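# Geometric and topological summary
The chain contents come next:
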Amino acid sequence: MSTNVVDRRRVNGPARSVEPLYTSADTAESFVNGREDKRTLDQVRPIFMKTGPLSAQESELSLSATASAASGSAFYEQGKIRISCAVYGPRQGRKSNARMGSFDCDFRYAPFSCSWKRRSHIKAADEKEISLMLEHAIAPAIRVEAYPKACIDAFVTVIESDGRAATIAAAINCISAALADAGIEMYDSVAACSMGLRGSQWVADCTQSEEDVSSCSVLIAFMPSADEITYILQHGKSTPEQTDQAVQTCTNLCTRVYAVICRYLQSSLV
Amino acid sequence: MSGGIESVTPGRRLGLAEEYEAGSGTYTRNGMIYSSILGTKVVEKAEEPKETDSQSKPTLYVKRSNAKFAIPVIGSEVLCRVVRMNPRAASVAIMMVGSTPCQEDFQGVVRVQDIRATEKDLVQMINSFRPGDIIRAEVISLGDQRSYYLATTKNEHGVIFAQSAAGNTMVPISWEEMQDPKTKDTEKRKCAKTF
Amino acid sequence: MSQGDVANTGQVVFAIEAFKRIHPVEFQRRFLSQETRHNGRGFSQFRATHVTKGTISTAQGSSTVRIGNTTVVCGIKAEVSEPDVKAPNEGYLVTNVDLSPMCSAHFRPGAPGETAQVSSEHLHRLFKGNVVDPESLCIEAGQAVWVLSADIVFVKYDGNVLDAAVIALTAALEDLQLPKAVFDSETGVVSADRTMGQGLTLRKRLFPATFSLIDGVYLVADADDAEEQLATATVLVVLDDNGHLVNIWKRGAGNISRETISRCVDDAGVRKATLTKELQDNTQKS
């Protein structure tokens, strides 16, 4: 899609603008053995989340407030990644199906959320692709038969990203939490985790700079209680054995992430 | 009876289907009962064991943390506002199901033949509703692509709140008339029987 | 539903939630006629406002502002472009307000709606030149200038777009660190050093206050979403650091007397004092 479309519904800057050439390269190449943030190889960045339309008015947390008009909402942090999600519905669907409900997902990067060039307002192809990925990863968990003729919408906005695969995984976790907060009937919560291949080593939950140097990435969405994988995405180069190993480790990590999500959800009840 | 408050998340195993009856907020898979929502687990003892052969198991259900939004199903009683009408049908916006507000309006239709139970052929739309009226109705079918089909045939269903042409709230004076208390004008409506 | 909360509308007794849903105007009127508001605030009371600066590392300047339940994130990305031929010394400030379907069910996916368009445009007029000196964004005259793209993303919407947007943009501009940039005239490339940041000097800071006229009679400060739906007129008053008027914007068909306008300006002065404190407190924190 051309970036030079003049959109009269927005305030437009100059037709072309570029990032300056940054002289002090901040990509750390020192993590041959360890990781830049001193995590172990199979460690996920610390997770923080907050669900629900706020009693947390006094909270120190800047972003804890998410849509109260929504039936459920969640704010999710994983390291630097920050995602906000609101779930609307069950409400009248556009494409109604008398027997089952439908689940729609809309994923967006805020224009300032990526470390490289500012993103255009116009929805990019990758955002559409990720929306669909999220839909496929989450939909198997929802008991759609409980919502005849209705539609459930999840809107996700990335406020800050750090690693593409990790951001998608975080978005899945964020939606799961928001759906639970909305009281949507589900078989299980979906937890997701990603890994990158560095040399012959799998590294969990890569940051952007780690992802830049990894040759392959695997993303898994998993329902631990049902023991079912809802989504796998592998791209890059890895042997079948390596992939097998990554799926193993990733599902284990998903279970850990799941435990964290469940703990937060339970504490939100009190 | 409860053994302390246990909060559960979707997918949490609650018990065996042999021992319990699965209640709301749960589902059964492979002989196990699981929670399907976030809430607190409640075990409700069976009613007085009936003398017949029905084995009475306690019911397991999950209580929601806060009342959430409802969707209309067949048989539910709904509150709606009349949006527009034509001689054959009135389009309404469903705002509440039972006593629970919907998050957003659902579209519904009251067809002219579903307004009254008797003398259906004499019913006229214009003598039953006006745009802006609030009506109580029952869902009779999930309807077409967009709208739910509603009926106001029961006595307690029909207009519960209406404004006169002068803009005052009217009171029902019979089953088919409402009166403006200020101007004393009467207008025709299919009134709901007040309790 | 709680037991005592019932309202009689003449013939049918509704539970309070149903009443609010079915008859929003009447619902609000009951409160307003008793000199109070449905959210418990006084007529001239603003919601608690929290400002946090520098929350986003992928942006050169950022802020998060909460006005009650309205939550907004502002991020400024600095990029380089060629200046306009007519103004070789002037950089660009591009402000866009994003009211996504996430923040409220009022907004639909797709192109920005009217509210977003009007807010973006108004914000641009308020800040360009007035607050940010376009010449301070010049890297090399006629060759390269900074483009500051400020995006104001609503995470949660509960009324008062413009107040939230103006405060967020002010805070983000204060937080902005522009990397030190050098223009190489031989290659035509601008190189910058991330480690050497430099703040922007603002000509003034803006302090907004919005008032809404409900039902033609009641003037309330900082209306929330439910009140905004019923407002017939809205007045935005913007003051600068010295308490001088920068902008008055009255829109909507409702009549507002001259005395009311001057009362708005007075109340905006009170609001300015609290906002100044909030903005300063957070400068010290970061």
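Not measured: the values here are computed from a predicted model.

So, how was this worked out
- Residues numbered from 1 in each chain as written.
- Chains lettered and ligands numbered in written order.
- Predicted model: local features only at pLDDT ≥ 70, side-chain atom pairs only at ≥ 80, totals over all residues.
- UniProt positions renumbered as here; feature names shortened; annotations may be inferred.
- Helix = DSSP H or I, 4+ residues; strand = E, 2+ residues; numbered from the N terminus.
- Pairing = 2+ DSSP bridges.
- Axes fitted to C-alpha atoms, helices over the stretch in contact; angles between N-to-C directions.
- Contact = placed C-beta atoms within 7 Å.
- Nonpolar A, V, L, I, M, F, W, Y, C, P; charged D, E, K, R; others polar.
- Buried ≥ 20, exposed ≤ 12 C-beta atoms within 10 Å, placed from the backbone.

Moving on to the UniProt feature "domain: Exoribonuclease phosphorolytic" (unreviewed entry) in chain A. The feature "domain: Exoribonuclease phosphorolytic" (unreviewed entry), as annotated in UniProt, sits at residues 45-185 and 189-247 of chain A in this numbering. Taken end to end, residues 189-247 of chain A is 22% helix and 49% strand, and its first and last C-alpha atoms sit 19 Å apart.

Now for the sheet that holds strand β2 (residues 13-16) of chain B. All names here are of chain B. Pairing is antiparallel in the open sheet, where 3 strands are placed in the order β2-β5-β4. Every interior strand has two partners, whereas the edge strands, β2 and β4 (26-29), have only one. Between one strand and the next, the sheet's axes are offset by a mean angle of 30°, whatever the strand orientation. Two elements, β2 and strand β5 (residues 32-35), share 3 bridges in a ladder whose sense is antiparallel. Within β5, the position partnered with G15 by the bridge is I33.

So, on to the interface of chain A and chain C. Residue-level contacts link 43 residues of chain A with 51 residues of chain C. Secondary-structure elements contributing two or more residues to the side of chain A that touches chain C are β1 (21-22), β4 (81-92), β5 (102-109) and β6 (150-160) of chain A. Residue composition of the side of chain A that touches chain C, by class: 19 nonpolar, 14 polar and 10 charged. Note that β1(A) and strand β10 (residues 189-199) of chain C share 2 bridges and pair parallel. Counterpart to A:L21 in the pairing with β10(C) is C:S191.

Bringing the environment of C:I67 into the picture now. Residues and elements named next belong to chain C. On the secondary structure map, I67 appears in strand β4 (residues 61-67). Residue classification places I67 among the buried positions, given that 24 C-beta atoms sit within 10 Å. In this structure I67 touches R47, T49, N160, D163, A164 and D222, once residues within four positions along its chain are discounted.

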